[in-house]
Amino acid sequence: MRPRDILFGPATFAEGEEYRAFQYRFTLAILLFSTVVTVIFHVSVHQGMAQSDPVYLHVSRAFLAVSALYYGLLRGRPDRLGFIAWTYAAIAMALHVSTFLLNTPDELRLIW
């Protein structure tokens, strides 16, 4: 097993599908990065290093679950890329809107 297969699964692409392979790997990288960053955020809130609105924490936990689920569903299955990419973009936008509306303890929320 190649090291790349650990992150991206055993997906193969035909000759001339380099762009599709890039899209697949980039989407998986975004999903994995989002999962890791959200876990770090929740650990910091749990440890008292950051504060957050309780309702926002529920929304963020749901986003974390969806990120991890989508990573698992897409890994090794590039045929699911279209559905996962579009729905994840919509879900991420909903998270950003909820951050703007709910997370009042974060003074920098308008910037990020």
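Residues numbered from 1 in each chain as written. Predicted model: local features only at pLDDT ≥ 70, side-chain atom pairs only at ≥ 80, totals over all residues. Heavy atoms only, no water.

Student: Mind laying out the overall build of the chain, listing which residues take part and the relevant values?
Tutor: Each helix and strand counted, the chain has four helices and zero strands in total. Going from the N terminus to the C terminus, the chain shows its helices and strands as α-α-α-α. A principal-axis box enclosing the C-alpha atoms of the chain has dimensions of 50 × 25 × 20 Å. Relative to its 112 residues, the chain shows a buried fraction of 31%. (Helix = DSSP H or I, 4+ residues; strand = E, 2+ residues; numbered from the N terminus. Buried < 20%, exposed > 50% of the residue type's maximum accessible area, 1.4 Å probe, protein only.)

Student: Provide a residue-level description of the nonpolar core, including the pertinent values.
Tutor: Ranked by size, the top nonpolar core spans 15 residues in total, and within it Tyr24, Leu28, Leu31 and Leu74 carry the most contacts. Those elements giving two or more residues to this core turn out to be helix H2 (18-46), helix H3 (54-74) and helix H4 (81-102). (Core = buried A, V, L, I, M, F, W, Y, C linked by side-chain atoms within 4.5 Å.)

Student: Which residues make up H3, and what values go with them?
Tutor: In a regular helix each residue adds 1.5 Å, so 21 residues correspond to 30 Å; H3 covers 30 Å between its end C-alpha atoms and thus fits that length. Burial in H3 covers these residues: Tyr56, Leu57, Ser60, Phe63, Leu64, Ser67, Tyr70, Tyr71 and Leu74. Buried residues of H3, viewed axially, fall in a sector of 150 degrees; they line one side. Opposite the buried face of H3, by more than 90 degrees, sit the exposed residues Pro54, His58 and Gly72. (Expected span 1.5 Å × (residues − 1). Arc of directions from axis to C-beta.)

Student: Describe empty space enclosed by the protein, and please don't skip the residues or the numbers.
Tutor: This model, assessed by the stated rule, comprises one cavity of 30 Å³ or more. Taken as a whole, the largest cavity holds about 30 Å³ of empty space. Contributing to the lining of the largest cavity are Arg2, Arg4, Asp5, Phe8, Gly9, Ala11 and Arg25. Here the lining of the largest cavity is built from residues that sort into two nonpolar, one polar and four charged. (1 Å grid on protein atoms, 1.4 Å probe; cavity = no way out; pocket = protein on both sides within 12 Å on 5 of 7 lines; lining within 4 Å. Points joined across faces, edges and corners; volume = space filled by probe spheres on them. Nonpolar A, V, L, I, M, F, W, Y, C, P; charged D, E, K, R; others polar.)

Student: Requested: an account of the packing of aromatic side chains, with residues and values cited.
Tutor: Two measures describe an aromatic ring pair: the distance that separates the ring centres and the angle between the ring planes. Tallying each qualifying case throughout the model produces six aromatic pairs. Taken together through their ring pairs, the aromatic side chains of Phe63, Tyr70, Phe83 and Tyr88 make up a single cluster. (Phe/Tyr/Trp six-rings, centres within 6.5 Å; stacked < 30°, edge-to-face > 60°.)

Student: I'd like a description of the pattern of salt bridges, backed by residues and values.
Tutor: Taken as a whole, this structure holds one salt bridge when the rule is applied. In this structure, Arg77 engages Asp79 in a salt bridge whose closest nitrogen and oxygen atoms are separated by 3.2 Å. Owing to a relative accessible area of 55%, Asp79 belongs among the exposed residues under this scheme. (Salt bridge = Lys/Arg side-chain N within 4 Å of Asp/Glu carboxyl O.)

Student: Tell me about H4, residues and numbers included.
Tutor: Between the first and last C-alpha of H4 there are 31 Å, a value that for 22 residues agrees with the 32 Å anticipated at 1.5 Å per step. Buried positions along H4 lie against H2 and H3. (Contact = heavy atoms within 4.5 Å.)

Student: Lay out the side chain of Thr99 in plain terms, naming residues and giving numbers.
Tutor: With respect to the element layout, Thr99 can be found in helix H4. By relative accessible area, Thr99 is classed as buried at 2%.

Student: Any chance you could break down the environment of Gln51 for me, citing the residues and the numbers?
Tutor: Mapped onto the fold, Gln51 is located in the loop between H2 and H3. Overall, the relative accessible area of 59% leaves Gln51 in the exposed class. Each C-alpha atom, one on Gln51 and one on Phe41, is 9.7 Å from the other, the two residues being 10 residues apart in sequence.

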